[in-house]
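Architecture and fold: a report
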Amino acid sequence: MPPNTWKKFELDVARLFGTEREKRTTENWGKKEVDAKTEYFAIQCKYNKTVRFAEKDLEKAEKLYPKKIAVCVYKSKGKEKKYIILQLQDFLNLIDPLLKAERIMDSPPIREE
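Residues numbered from 1 in each chain as written. Predicted model: local features only at pLDDT ≥ 70, side-chain atom pairs only at ≥ 80, totals over all residues. Heavy atoms only, no water.

**Quick word on the pattern of salt bridges**
Opposite charge on two side chains makes pairing possible when the charged atoms of those side chains draw close. Enumeration over the complete set of coordinates arrives at 3 salt bridges. We note a salt bridge from Arg21 to Glu10, for which the minimum N-O separation is 2.5 Å. Note that Arg21 is positioned in the loop between helix H1 (5–16) and strand E1 (36–37) and Glu10 in helix H1, a separation of 11 residues in sequence. Across the pair, exposure class does not vary: Arg21 and Glu10 are buried alike. It is possible to trace a salt-bridge network through shared partners that takes in Lys8, Asp12 and Arg15. (Salt bridge = Lys/Arg side-chain N within 4 Å of Asp/Glu carboxyl O. Helix = DSSP H or I, 4+ residues; strand = E, 2+ residues; numbered from the N terminus. Buried < 20%, exposed > 50% of the residue type's maximum accessible area, 1.4 Å probe, protein only.)

**Remarks on the pairing of strand E3 (residues 71–75)**
Pairing analysis gives 5 bridges linking E3 to strand E4 (residues 82–86), with the strands arranged antiparallel. When the bridges of E4 are listed, Tyr74 appears paired with Tyr83. The antiparallel hairpin formed by E3 and E4 contains 6 residues in its connecting segment, where Gly78 sits at a positive phi of about 85°. (Pairing = 2+ DSSP bridges.)

**Focus on the packing of aromatic side chains**
Following the criterion strictly, the structure yields 1 aromatic pair and no others. Taking 6.0 Å as the distance between ring centres and 40° as the angle between the ring planes, the aromatic pair formed by Phe17 and Phe91 counts as tilted. With Phe17 in the loop between H1 and E1 and Phe91 in helix H3 (residues 88–106), this pair connects stretches of sequence that are 74 residues apart. Of the residues examined, Phe17 reaches a relative accessible area of 6% and is grouped as buried. Taking the relative accessible area as the measure of exposure, Phe91 reaches 22% and is therefore partly exposed. (Phe/Tyr/Trp six-rings, centres within 6.5 Å; stacked < 30°, edge-to-face > 60°.)

Here it is as structure tokens:
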């Protein structure tokens, strides 16, 4: 049976980061666990029809400056934290050297004979 659409999305995102989706049980459902994690990232996946607060702003930036990485910085009114939103592929391109280094560190050492 194919996974649910949201579950497949979580699996695909985890693979892009070189990791696995965190397993869910009835005991840990919705508690403390993220959808995927690596040494450097705690990854939450949200599968919705639209990202209302950023989609149009990102599209505008992409249209005006197609050779630049479009970024939206989001802050909720009355909150201190700010969040950055960008296309996943742009983010992966930016952090590719970090992901490669992490994979190399996890690989067994090469033995010279």
